Every structure is written in structure tokens, then in C-alpha cells.
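Report on the structure
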Amino acid sequence: MFVRGELEKIERKVERGERLTREDGEKLFECGELSWLGALADYVRKKICGDIVYYNVNCHVNLTNICLSRCKFCAFGRDEGNCGSYAMTIDEAVKLVEEASEDPNLSGLHIVSGLHPTWTFEHYLSFVETLHKKFPKLYIKGFTGVEIQHFANISGLSVENVLRRLQAAGLEAIAGGGAEILTDRVRNLLCPKKATAEQWLNVARTAHGLGIKTNASMLYGHIETLAERVEHLIKLRTLQDETGGFQTFICFPFLPKNTALEKEIRQTSMWDDLRTMAISRLILDNFKNIKAYWVMLTVPVAQVALSFGANDIDGTIHRENILHDAGATSPRSLAEDDIIKIIREAGRIPAACDCNFNIMRIIE
Amino acid sequence: MTDLDSAKEKISSGSRLNRAEILALYEDNDLLYLGESARRMKERKTGKQVFYTVNRHINLTNVCSANCPLCAFQCHSGDNRAFTLDLNDVEKILRESAQIKDLSEIHIVSSLHPDKDFDYYVDAVKLVKKILPDVGINAFTPVEIINFAKISGKTVDEILRTLINVGVTSLAGGGAEILSNRVREIICPKKCTADEWLDVMRTAHGLGLRTNASMMFGHIETIEERIDHLLKLRDLQDETGGFVAMMLFPFHPDNTELGKRFNLRRVGSWEDLKMLALSRLVLDNFDHFKAFWVMLTLPIAQLALNFGADDMDGTIGEEKIIHAAGAKNSTGITREKLRAIISEISYTPVERDSFYNKKFSSSQS
């Protein structure tokens, strides 16, 4: 477009399909050329994945918000007995999914929960078994690297055996959360009680080795530096080179409301959200999909993000809990029609997919 | 050469787009190209400056004889939502407003009350002038001006002269909707016609009264009708030069008869930004474009500054019309927050009066 010098060199690299370095990534974060970044990311998006935009008709199931980790950036986790704490029974989980199944297009579940201090791995496993038996047509994607590591810790099983048992119970893919920023400095300050950077990456590596696909994410806009964002992206890219098991990358802007960081951190601007989306697309050259998660971005920003590198807009969700506890202003669910309209207005082709990005329906 | 090619060539050489080229740009749907081109045009006109104003909206009444299907604000006098401010109420608001530091503008837009006479509106303006003698009064859309002419038996020219004499400094840009009689028959059949709207503006400009302009899109209009609307504004601006700023209103369908009848949904942020950028490129003779944050949401209004807008409008105080149609933003914003939003993207916030003269506010840094 209209850039000179270092940025022009980066643009040439992208056009030639060359990999960007850490230094390139840092320059992109410093450059302030939002439209240029968007156009470059959009060029790559078109080349890698064309005009289809993926979405799911899904239901989020958050089994409990009682959590022993109590990360500083989280507004969802609570101590047992605290006001607003809950732990679903299996019947309650089944009832929620039955309610969501009134939508004939519902295709799967996204299960992510707190690290309950007294629940056993067997108990978590029984949710997967029961939901899989009762709703055999619904895919089950669930548990972040953090939860998987927790299951290994409490059961004495290896990560690999935890994953094998979940797979046998019906789990088809692993959720992308819990990566936050994959540096020990940030994790020690914000979430010292949960999986380390190395452990999170190890869960993903092990899952990929078993043929279980996972997602990846980055929670940004809190105490991390821009260089740490780049470092995080490069760690994901390196593992993806090794395994190829990541399906989509999700940028999570940190929502400070009701968290321990509320007083010190201001919410990211849409400006930061869009540049981070575009830069992620440019650095993660071995990821096919980049998700614009509308719950956090808001629907208007998520739609625009489709021209900043994104080709995935997440799902209908049914009822979102985790981020609404952190003051998310977006609705708790979207109608499929709304998602289709959002994608079409952007001149793209909506495709409903399952948790492994198999296309179920293309909306022509 | 295709229309798209010639459009792009004209954009890079800075020459005027024709109808076919505008349509080709719309259909090409290249959001970032349009945005970047519009941003460059904005920077040619106003550099790195982004304007805002400290203003206060006053809606005198929502009781309306026009009952446009597009509107969620208006109601009948018996409705439990109905309100009509008397002069004491107006005075109270103005006394409150007098406390607002560096207030630049009072913006008065209201419905067409079936029983209030022209004097009621004139008295309201006189009151503003009395209590806030140094504040700009941006008031009344052409739709209201035509109504004043009807209820008073005066000509538009006489109405405008009267309003100028009592203190109105500029006319509001609303009520243009889509300047096509086909569309107006459906969305606002009792409102002034397209030509009447343009005539009021022409007359006002002739009297030295400057005005804003607007477009409400995303309902039942065709893309061609949007483009013709823009061309009508461009033609009149060539003739008079009296338009100060343009603003786009994406239609908010909630609680409107039009929304229900045609099962309409609000267009997305994509369309908001695309129409903003395209309009900026078409209206090459307009100096200023507003990103009206009440309609766009603050994040998209901020992004709009990269898509051709150069004005965040105002702090507003209390906005009722768009909120009646389901806009979800808070009803006011502080000057500090507006300035922060502008600075965050490396533009320079400039506090302005109604005519984009720079104000030196004591709290500016």
C-alpha cells in the first residue's frame, strides 16, 4: 500500500510467503499503520483460506465456576460457598443441553469450567460420558490445557492417559483457552497456580500426538509487553511446525471488569484488538484459521475483524457466562441468522462447521 | 477500462467520481481500500485533527403529527411515553447546561407537535439566547422548518429569517433520510418531500445560515437510491457551499413500525464503515464528516476516524431519539474520554464550535 522502509521490507516478505521474525513482529506492533496491517493480513487470509468464514451452532457448558486457581484476570472463578458460586449436577448439564437442542441445527458443545477443588477427574469424565451417550450427534470439544494438566495432577495419571480417557469418553477436540501469555514472568504474576507455559504447550503437543486437535489462544491487554505478545505467538508457531495440530487461534482481549486487575488496567481499544488480530494472522503463517471471538470483541468489531485476517467468528453459544461475569457488553448468544448476515455483509461465505472445522453446511 | 478501474484512478488523482463508478466501488466491497482512500481524503482536508464539541441535546417534545414508520421516538399525545417540555422545563435544562464547562452548542431537535405553534419554538430559542448568550444554537431540521411554515402560514424564507433573528446559528442536518420520494412514501409519508428538504437548505444557505446534512440508510432503500441521495447533496453543495458537515445514520429498527413491517435488522459495522468511507469519497466538496458515536458504538466510531470521519460530534448530555430505537450506548460521554479515544489512534483532538473553529478550552492539555 503506502508504506516505506522497514515496513515495506515486511510487506515484500509477506508477499513472497516468507516467514516473519520476532523483530518483524515487534515492528508491526510499533507501526501504527492499522489499515495497512489489515490489508496485509487480509491478503494472507485470502491466500490461506479463501472466502469461507466458519461458525458453529454450539452451546457453551460451564460445569462449575468454583476454582482453586483464582487467576487475577478472571471474573468467573469463585471460592466454594461464595456468593454466586455453582457446581452443576450431571442432570443439570443434560437439561441445559436439552434446552439448547431445541435448535435443530445445534451441532456441538464447548465445555470449559473452573478447577473445582474437590471434584475428581472421574467426576469431570462422567459429564463427558453422559453427554456423549445422551447426545451422540453432538460433538464435544472441551477442556483447556489448564484443565487437562489439573486432571493429571489430581488423578496421578499422565497427561497422555488423561487425554486417552477423555477421548474414549467422547471428547473430540480440546479448547484453546488457558494459554494466556506463555511466559513464566506473566504467569507468575497473574496465574501462579495453574499450568505453566511449558505444561500448557506440553498438553497441546501430547494431544496432537494422539490425533486430538486443539485450539490456541492469547489473552492480551493486561500486564504483558508487546514483545511478550510476539514471543507468545512464536511459541505457538514453533509447536505448530512440529505437530500441525492447532486448528484455530483466538485473540482474547482482556476484560478487566470485576477482576482483581480492574483498578489498574484499562480495557483494550478496538484499535489494539484489530492490530493484534492482523499481526497474529501474519506471524502465525502455519495456522489455517484465526477466530474473531465476538463475545469479547463485540459483534461490530468482530465483523470488521473479518477484514483484518479472521476467517472464523465462533458460534451461537446459547448462553455465555465466563466473560459476562467480566462485564462483556455483547449479547449472551447470537441467532444463526444473525451470524450469517454478519458474514454475508462482509462479502464472505458462511459455513457451519463442527469442532474440527469439517464443513456441515455452506450457506450459499 | 471498467468503472472500478476508473474509480480507482480518479481516487488516486483526486478527481470526482460519477454514479457508475460509485456503484462499482460499492459492489467491489473492498472495505480496507475504501477506508484507506477515505482516510487520505480526510487528511488532505483536515490533517491529523479530529474535532469534537461540548454540546447538549434538547428534545422539546416527542408528540408528533408525522408518525413516520421509521421512528421509535414519536408518539401520540395520549401515550404514556409522551412528553412536551414547557418553557420552565427548558429553562431548567439550560440553567443546568450553563454549569457545563466550555459548553459550545445547544442542539434542539424535536417532533412535529400537533398543537404547539411556531412561537413555542421561537420562545425556546429566545430562552437559550437569554441564558446562554455565547453558545451556538444548532436547531431544527428542514422537516421542522417546513412544518413551521405550514402551521404559521409563513414562507420558509420568513421562518428562517425569524429564527436567525432570535439566535439560531445553524440548522440541524436530520430529516433527509433518503432523498427519494419513492422511499419517503414508505418510510415517512407525512414528512416534507425530497425537494422541500433541499429547498429549505438552499434557502438557509442563501440567508447565510449554514447547515449539516445527513443520510439514513439500511432500511428499504436500494444502493442506487443511496448514491443518488449523495449526488443530490453534492450538487447542492456545489451550488451553495453551505453544508458544514455530513453524518450518516444507520437505521435502528427496534421499536419501529418500519422495522416490524419489513422485518428489518440493523446493518452491521461493515456497512456502517463502508458507507462512511464511500460517502466521504463521493462528497468531495464537504469538509467534515461525523462519526456519530451514539449510533456507531464508541469502538466503531473510533475506527471510523480511520475511514474518513474527522469529527466525533459531542458530549451530548442526554440523547433520546436514537435510544428509543434501541441504541445501546450510554447517553453522554466526558470530554476527557472523547479526547482519549482520539489521541489513542495518533490523531489530535480539537475542541470546536458549530463551525469547526478551534476553541481553547481551559481543560485542554
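Our structure's up above, just so we're on the same page.
Below you will find a few notes about this structure. Values in this document were obtained by computation on a predicted structure and should not be read as measured data.

Reading guide: rules and limits
Residues numbered from 1 in each chain as written. Chains lettered and ligands numbered in written order. Predicted model: local features only at pLDDT ≥ 70, side-chain atom pairs only at ≥ 80, totals over all residues. Helix = DSSP H or I, 4+ residues; strand = E, 2+ residues; numbered from the N terminus. Rg over C-alpha atoms; globule rule 2.2 N^0.38 Å. Buried ≥ 20, exposed ≤ 12 C-beta atoms within 10 Å, placed from the backbone. Contact = placed C-beta atoms within 7 Å. Arc of directions from axis to C-beta. Axes fitted to C-alpha atoms, helices over the stretch in contact; angles between N-to-C directions. Left-handed = near helix turned anticlockwise from the far one by under 90°. Nonpolar A, V, L, I, M, F, W, Y, C, P; charged D, E, K, R; others polar. Core = buried A, V, L, I, M, F, W, Y, C linked by C-beta atoms within 7 Å. Right-handed = clockwise from strand over helix to strand, strands pointing away. Pairing = 2+ DSSP bridges.

**Let's talk about the overall build of chain A**
When you go through chain A residue by residue, the secondary structure sums to 14 helices and eleven strands. Rg of the C-alpha trace for chain A: 19 Å, near the compact-globule value of 21 Å for 364 residues, within the 12% margin. Along the longest, intermediate and shortest principal axes, the C-alpha atoms of chain A span 60 × 45 × 40 Å. By residue count, 54% of the 364 residues in chain A fall in the buried class. Looking at chain A alone, contacts between residues at least 24 apart form 77% of all its contacts between residues at least 6 apart.

**Details of the interface of chain B and chain A**
Facing 22 residues of chain B, the contacting portion of chain A comprises 21 residues. Those elements giving two or more residues to the side of chain B that touches chain A turn out to be helix H3 (31–46), helix H12 (269–282) and helix H14 (298–304) of chain B. With five residues, the top contributor of residues to the side of chain B that touches chain A is H3 of chain B.

**Observations concerning helix H2 (residues 19–28) of chain B**
All names here are of chain B. Of the positions making up H2, those classed as buried are Glu21, Ile22 and Leu25. Mapping the buried residues of H2 onto a view down its axis gives an arc of 100°, with all of them on the same face. Tucked into the core, H2 has its buried residues touching helix H1 (3–13), H3, helix H10 (223–240) and H12. Looking one or two residues past H2, Asn29 carries a phi angle of roughly 60°, positive in sign.

**Describing unusual backbone geometry**
Backbone geometry at His318 of chain A places phi at a positive 75°, although glycine is not the residue there. Relative to the helices and strands, His318 of chain A is located in the loop between strand S9 (312–315) and helix H14 (336–345). In this structure, Thr297 of chain B takes a positive phi of about 75° despite not being glycine. One can find Thr297 of chain B in the loop between helix H13 (293–296) and H14.

**Side note on the packing of helix H10 (residues 226–243) of chain A against helix H11 (residues 270–283) of chain A**
All names here are of chain A. Two elements in contact, H10 and H11, have axes separated by 10 Å at closest approach and are oriented at 35°. Every pair of crossing elements has a handedness; the one defined by H10 and H11 is right-handed. Here Arg229, Leu233, Ile234 and Arg237 of H10 come into contact with H11, specifically with Thr276, Ser280 and Ile283. By residue class, the composition of the contact of H10 with H11 is three nonpolar, two polar and two charged.

**Digging into the nonpolar core**
Across soluble globular proteins, nonpolar side chains show a tendency to be buried alongside one another. One finds Ala292, Ala305 and Ile313 of chain A together with Ala304 of chain B to be the most contacted residues of the largest nonpolar core, which totals 230 residues. Examining the composition of this core, we find that eight residues originate from one element, H12 of chain B, more than from any other. Those residues within four positions of Ala304 of chain B in sequence are excluded, and the remaining contacts are Leu273, Leu276, Ala291, Leu296 and Ala309 of chain B.

**Thoughts on the pairing of strand S7 (residues 246–253) of chain A**
All names here are of chain A. With eight of its eight residues buried, S7 lies for the most part within the structure. In this fold, the crossover linking strand S6 (residues 213–220) to S7 by way of H10 has right-handed handedness. In this sheet, strand S8 (residues 289–291) lies alongside S7 in parallel orientation, the contact comprising three bridges. Its bridge partner being in S8, Thr248 is matched across the sheet by Asn289. Between the parallel elements S7 and S8, the chain passes through H11 in a crossover that is right-handed.

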